[in-house]
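# Observations on the model geometry
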Amino acid sequence: MAQHTVDSSIPLPPDIAGGPLPASPDDVSVAAPVVQGRFANGDEGYLALVWRRFRRSVVGMLGLVLVVALLVIAIFGDFFAPMDPKLQTTSFAAPDTIAFQSADGAFSLMPNIFPIVDGDQLDPVTFQPIAAPDYAHPTPLGFFVKGYSYTVLWLIPADIHFFGATNGQPVHFLGNDKLGRDILSRGIIGSRISLTIALVVVLLTTTVGTLVGITSGYLGGRLDAWVQRFVELILAFPQLPLYLALTTLIPVTAPSNVFIAFVIGVMACLGWAQLSREVRSKTLALSRIEYVRAAIAVGSSDFRIVTRHILPNVLSHIIVAVTLAIPSVVLLESFLGFLGFAVKPPLISWGLMLQDCGSFSVIGSYPWILSPVVFVLIAVFAFNALGDGLRDAVDPY
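Computed from a predicted structure; not experimentally measured.

## Looking at the overall build of the protein chain
When helices and strands are tallied, the protein chain shows 15 helices and 6 strands. Looking at the protein chain as a whole, 36% of its 397 residues qualify as buried. In the protein chain, the share of contacts with a sequence separation of at least 24, taken over all contacts with a separation of at least 6, comes to 66%. Split by element, the accessible area of the protein chain, about 23,600 Å² in all, is 67% carbon and sulfur.

Structure (structure tokens):
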């Protein structure tokens, strides 16, 4: 057969003449693992990409762990509380000292608490007995010990506690308040009220702010103008004096549940305006994008356009705003509780516990009375760290 020859005078295509040569099968087999390693799990969805970026943030992961721990402790507070939060013993008792030693001074894996009693020696100035540990009567500590009775999730009766004294003696890891109640147990139980108020307020403000912002930004026109004037009116009010003025309207004899519901309503009524403006600005930008205009051109309903095209793109900003709004509500509840405008006894909250710190003489004599501040700081740091991590993961640019 005749062999066909290629005329060298015929110019080759640019991609062959000047570009790289086609890859050989050996090159493809070598390069395949690199591409396969990047897309080993197939096409990643939006949530998978956010989670992959979020895991790189050490602060964000720390905040996530702390938030989960706070929620678990709040739900199962009676299990983690070593003492009955209503039990009264010695007023302003100092925190117990934990020692990893036995009565004879030897090292012990399980810690013990040695009660502080008056010793034999006298103070040379006041001639009062000097307090010293009583090594003859230690209080052993352990995990999963028996204590006061409670109900798990208000249904299952139980009396096992995560940590406490094995012999049933009272222990006070953070000391007592002015009425002789254990501060650590009250702080754990009080997390229920404080976190519940914060979560409910943020849920209401997020729902109202999102609905108002999307509706105002999508419909526009005269409705948008009137809604924004109303939002500006709410933002113009000084919130803190208004909080104090509205909470004074509650009768002193009102039940605790009614008092909390009123406080939640006041916080929610004044907290949705800022989020609505943020959502409105994003809705205005999204409503001018090509795929939204295409959906309008083909006759899609407004409900479908909002739920399928606008809301999913605004949702990432809403999630970050929620995690950053919870610490603000926690701080506000603590401040109002310190002033006596948030929670009334017999309920327990972190702000209500801070009422014992009303004078410098008490703080100077019994500094452990400031322990509820630690609970507030941990909660604020946890949600702020989680919000910062989510913000960087949702919008890395």
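## What about the pairing of strand S2 (residues 107-113)?
Bridge count between strand S1 (residues 98-101) and S2: 3 bridges; the pairing is antiparallel. Bridging from a neighbouring strand, alanine 99 pairs with asparagine 112 of S2. Counted between consecutive antiparallel strands, the loop separating S1 from S2 contains 5 residues, among which glycine 105 sits at a positive phi close to 90°. When S2 meets strand S5 (residues 139-152), the two strands line up antiparallel, connected through 2 bridges. Counted as the bridge partner of isoleucine 113 is threonine 139 from S5.

## Concerning helix H4 (residues 58-75)
The end-to-end C-alpha separation of H4 is 26 Å, in line with the 26 Å expected for 18 residues at 1.5 Å each. When H4 is considered as a whole, its buried residues turn out to be Gly60, Gly63, Val67, Leu70 and Ala74. The arc enclosing the buried residues of H4, seen along the axis, measures out at 85°, which places them on a common side. Residues of H4 that are exposed and point over 90 degrees away from its buried face: Val58 and Val65.

## With respect to the pairing of strand S6 (residues 156-165)
Taken together, the 8 bridges between S5 and S6 define a ladder with antiparallel strand orientation. Bridging across to S6, lysine 146 finds its partner in isoleucine 160. Where S5 folds back onto S6 in an antiparallel hairpin, the turn is made up of 3 residues, including leucine 153, whose phi is positive at roughly 55°.

## Focus: the packing of H4 against helix H6 (residues 183-219)
Interaxial distance between H4 and H6 falls to 8 Å at its minimum, and their mutual angle equals 115°. Our pair here, H4 against H6, has a crossing hand that is left-handed. Together, Leu70, Leu71, Ile73, Ala74 and Ile75 of H4 and Ile188, Ser191, Arg192, Leu195 and Leu199 of H6 make up the contact between the two elements. Considering only residue class, the contact of H4 with H6 consists of 8 nonpolar, 1 polar and 1 charged.

## Describing a nonpolar patch on the surface
A surface patch of nonpolar side chains, amounting to about 880 Å² of accessible area, comprises Ile98, Phe100, Phe107, Leu109, Met110, Phe143, Phe144 and Phe162. Per element, the largest residue contribution to the nonpolar patch is 3 residues, and it comes from S2. Within the secondary structure, phenylalanine 162 is located in strand S6. According to the relative accessible area criterion, phenylalanine 162 is partly exposed, its value standing at 30%.

## Considering the pattern of salt bridges
Pairing between side chains of opposite charge can happen when their charged atoms approach one another. Tallied over the entire structure, the rule returns 8 salt bridges. The salt bridge involving arginine 192 is made with aspartate 78; its shortest N-O contact spans 3.2 Å. Here the residue arginine 192 occupies a position in helix H6, and aspartate 78 occupies one in helix H5 (residues 77-80), the gap between them amounting to 114 residues. With respect to burial, arginine 192 and aspartate 78 carry one shared label: buried. With its nearest N and O atoms 3.9 Å apart, the salt bridge here joins lysine 178 to aspartate 356. Of the two residues, lysine 178 sits in the loop between S6 and H6 while aspartate 356 sits in the loop between helix H13 (350-353) and helix H14 (360-365), which places them 178 residues apart along the sequence. With relative accessibility at 14%, the residue aspartate 356 sits in the buried group.

## Observations regarding unusual backbone geometry
Residue proline 346 follows proline 345 across a cis peptide bond; omega there is 10°. When you line up the elements, proline 346 lands in the loop between helix H12 (302-339) and H13. Positive phi is not limited to glycine here, since phenylalanine 92 has a value of about 55°. Mapping phenylalanine 92 onto the fold places it in the loop between H5 and S1.

## Topic: the sheet that holds S2
Taken in spatial order, the 4 strands line up as S1-S2-S5-S6 in an open sheet, and their pairing is antiparallel. One side of each edge strand has no neighbouring strand; the edge strands of this open sheet are S1 and S6. For this sheet, the mean angle separating the axes of adjacent strands, direction not counted, is 35°.

## Quick notes on the side chain of aspartate 78
For aspartate 78, a relative accessible area of 14% corresponds to the buried category. Polar side-chain contacts of aspartate 78 include one of 3.2 Å to the side chain of arginine 192. Apart from residues lying up to four places away in sequence, aspartate 78 is in contact with Tyr148, Tyr150, Thr151, His161, Ile189 and Arg192.

## Let's talk about the nonpolar core
One broad rule of soluble globular proteins: the nonpolar side chains tend to lie buried together. Counting 60 residues, the largest nonpolar core has Met267 and Trp350 as the members making the most contacts within it. The next biggest cluster of nonpolar side chains, apart from the first, holds 12 residues, and it includes Ile214, Ile305, Ile310 and Val314.

## Section: the packing of aromatic side chains
Counted under the stated rule, the structure contains 14 aromatic pairs. Between phenylalanine 80 and phenylalanine 162, the ring centres sit 5.6 Å apart and the planes meet at 50°, which makes this aromatic pair tilted. With phenylalanine 80 in helix H5 and phenylalanine 162 in strand S6, the pair connects residues that are 82 residues apart, well separated along the chain. By relative accessible area, phenylalanine 80 is classed as partly exposed at 24%. Ring plane angle 55° and centroid distance 6.1 Å describe the contact between tyrosine 148 and tyrosine 150, whose orientation is recorded as tilted. Summarising the burial analysis for this pair, tyrosine 148 and tyrosine 150 share the class buried.

Each value, and the rule that gives it
Residues numbered from 1 in each chain as written. Predicted model: local features only at pLDDT ≥ 70, side-chain atom pairs only at ≥ 80, totals over all residues. Heavy atoms only, no water. Helix = DSSP H or I, 4+ residues; strand = E, 2+ residues; numbered from the N terminus. Buried < 20%, exposed > 50% of the residue type's maximum accessible area, 1.4 Å probe, protein only. Contact = heavy atoms within 4.5 Å. Areas by Shrake-Rupley, 256 points an atom, 1.4 Å probe, with all protein chains shown as cover. Pairing = 2+ DSSP bridges. Expected span 1.5 Å × (residues − 1). Arc of directions from axis to C-beta. Axes fitted to C-alpha atoms, helices over the stretch in contact; angles between N-to-C directions. Left-handed = near helix turned anticlockwise from the far one by under 90°. Nonpolar A, V, L, I, M, F, W, Y, C, P; charged D, E, K, R; others polar. Patch = residues over 30% accessible without salt bridge, like charges linked within 9 Å, V, L, I, M, F, W, Y side chains within 5 Å. Salt bridge = Lys/Arg side-chain N within 4 Å of Asp/Glu carboxyl O. Polar contact = N/O pair within 3.5 Å; in protein donor to acceptor, adjacent residues only side chain to side chain. Core = buried A, V, L, I, M, F, W, Y, C linked by side-chain atoms within 4.5 Å. Phe/Tyr/Trp six-rings, centres within 6.5 Å; stacked < 30°, edge-to-face > 60°.

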